[in-house]
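Next come the chains, spelled out residue by residue.
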Amino acid sequence: MPPRLKTGPQHVAQTRITAGQWRGRVISTPSGREVRPTRAMVRQSVFDILGNRVVGARMLDLYAGAGTVGFEALSRGAATVTFVERHREALALIAKTAERFGCRERCMLVGADVRRWLRSAAEQTGAADLCYIDAPYQDPELESVLELLGAAPPRLVVCEHHRAREIPEQIGSLTRFREARYGLTTISFLQRSAAPTDGTA
């Protein structure tokens, strides 16, 4: 994985798109521990697994940070990305990157707490083809976020989490079908179930 480049304005670091239309293009990310971009090696591996499912997808990027995963998806052919992030500095960087890449019309920026937003966003989550979750590793909200998504699930959910955290095989109408491990990071893949899981017809 290439090192993060310490250039540009103070308090800003950089990472790069790994493939697609903008391969090699730089994304500015806030330095520090509040926003932790998904490593380039992990991003590349995840999107290689997803393959053509990204093309034309309506995507949700939850805990978006500076948008590295969402812009990776757009670079690889996603139709739209909704970035949900509560930190204003990170949202401002997403907006600047979208303008630089010429894709502002394909991006929706939501400045909100993820769990609070999900409580009123069932229509958006149910219509999404792909959802990426990269909550802070120690965040106790992750389980409730997955439960909210399980109640109105996207077609596919990809959850990045610490390897010590276990993701249930079934969460509402989401079923975990695959895991991939990269050092301390585990990626869990969950898909929308074909039938209700609560015993009702």
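Quantities reported herein were computed from a predicted structural model and do not represent experimental measurements.

Novice: Explain the overall build of the protein here, please?
Specialist: Along the protein, the regular secondary structure elements total 6 helices and 10 strands. A buried classification covers 51% of the 201 residues belonging to the protein. Partitioning the contacts of the protein with sequence separation of at least 6, the portion at a separation of at least 24 is 61%. About 9900 Å² of surface is accessible on the protein, with carbon and sulfur atoms providing 49% of the total.

Novice: Would you mind going over the layout of surface pockets with me for this structure?
Specialist: Over the atoms, a rolled probe matching the size of one water molecule traces out where space is still vacant. Computed from the structure, the second largest pocket encloses a volume of approximately 160 Å³. What lines the second largest pocket is simply Arg58, Met59, Leu60, Thr80, Thr82, Met108, Trp117, Gln124, Ala127 and Ala128. When contributions to the lining of the second largest pocket are tallied by element, the ones reaching two or more residues are strand E3 (58-62), strand E4 (80-85) and helix H5 (122-127). With 3 residues, the top contributor of residues to the lining of the second largest pocket is E3. Residue composition of the lining of the second largest pocket, grouped by class: 6 nonpolar, 3 polar and 1 charged.

Novice: Explain the nonpolar core to me, please; I cannot follow it from the model alone.
Specialist: Looking at soluble globular proteins, one finds that nonpolar side chains tend to be buried together. Formed by 32 residues in total, the largest nonpolar core has its most connected members in Leu50, Phe71, Leu74, Phe83, Cys103, Val158 and Ile187. Broken down by secondary-structure element, the contributors of at least two residues to this core are helix H1 (40-50), helix H2 (68-75), E4, helix H3 (88-101), strand E6 (130-133), strand E7 (156-162), strand E9 (174-182) and strand E10 (185-192). Broken down by element, this core gets its largest block of residues, 5 residues, from H1. With residues up to four places along the chain from it excluded, the contact list for Phe83 reads Asp61, Ala64, Gly67, Gly70, Phe71, Leu74, Ile94, Cys107, Met108, Leu109 and Val110. In terms of nonpolar packing, the next biggest core, distinct from the first, is built from 23 residues, Leu60, Leu118, Cys159 and Ile167 among them.

Novice: Please explain the side chain of Arg76 as it appears in this structure.
Specialist: Positionally, Arg76 belongs in the loop between H2 and E4. Judged by relative accessible area, which is 19%, Arg76 ranks as buried. Within the structure, the side chain of Arg76 is placed 3.1 Å from the side chain of Glu72, a separation counted as a polar contact. The residues touching Arg76, leaving out its near neighbours within four places in the chain, are Thr18, Ala19, Gln44, Phe47, Asp48, Val54 and Val55.

Novice: I would appreciate a short explanation of the pattern of salt bridges in the present structure.
Specialist: Where side chains of opposite charge bring their charged atoms close, a pairing between them can arise. Scanning all chains against the criterion turns up 9 salt bridges. The salt bridge partner of Asp48 is Arg76, with a shortest N-O separation of 3.7 Å. One end of the pair, Asp48, is in helix H1; the other, Arg76, is in the loop between H2 and E4, and 28 residues separate them in sequence. For Asp48, a relative accessible area of 52% corresponds to the exposed category. Across the salt bridge formed by Arg165 and Glu143, the nearest N and O atoms sit 3.1 Å from each other. Separated by 22 residues along the polypeptide, Arg165 in the loop between E7 and strand E8 (170-171) and Glu143 in helix H6 (residues 142-151) bring together distant segments of the chain. By relative accessible area, Glu143 is classed as partly exposed at 35%.

Novice: Explain the confidence of the model for the protein to me, please; I cannot follow it from the model alone.
Specialist: Interpretation of this model should avoid reading the predicted coordinates in detail wherever pLDDT is low. Across the protein, the average pLDDT comes to 88, with 87% of residues at 70 or higher. Note that pLDDT drops below 50 for residues 196-201; the model gives that stretch 3 contacts with residues more than four away or on any other chain.

Novice: I keep staring at the sheet that holds E7 and nothing clicks. Help me out?
Specialist: In a beta sheet, neighbouring strands pair by backbone hydrogen bonds and run either parallel or antiparallel. Across the sheet, which stays open at both edges, the 8 strands sit in the order E5-E4-E3-E6-E7-E10-E9-E8 with mixed pairing between neighbours. A strand with exactly one partner marks an edge of an open sheet, and here the two such strands are strand E5 (107-111) and E8. Across 4 bridges, the pairing between E6 and E7 is parallel. Bridged to Cys131 within E7 is Val157. Across the sheet, H2 touches E3, E4, E5 and E6, and the angle it forms with E4 is around 180°.

How each quantity is defined
- Residues numbered from 1 in each chain as written.
- Predicted model: local features only at pLDDT ≥ 70, side-chain atom pairs only at ≥ 80, totals over all residues.
- Heavy atoms only, no water.
- Helix = DSSP H or I, 4+ residues; strand = E, 2+ residues; numbered from the N terminus.
- Buried < 20%, exposed > 50% of the residue type's maximum accessible area, 1.4 Å probe, protein only.
- Contact = heavy atoms within 4.5 Å.
- Areas by Shrake-Rupley, 256 points an atom, 1.4 Å probe, with all protein chains shown as cover.
- 1 Å grid on protein atoms, 1.4 Å probe; cavity = no way out; pocket = protein on both sides within 12 Å on 5 of 7 lines; lining within 4 Å.
- Points joined across faces, edges and corners; volume = space filled by probe spheres on them.
- Nonpolar A, V, L, I, M, F, W, Y, C, P; charged D, E, K, R; others polar.
- Core = buried A, V, L, I, M, F, W, Y, C linked by side-chain atoms within 4.5 Å.
- Polar contact = N/O pair within 3.5 Å; in protein donor to acceptor, adjacent residues only side chain to side chain.
- Salt bridge = Lys/Arg side-chain N within 4 Å of Asp/Glu carboxyl O.
- pLDDT = per-residue confidence, 0-100.
- Pairing = 2+ DSSP bridges.
- Axes fitted to C-alpha atoms, helices over the stretch in contact; angles between N-to-C directions.

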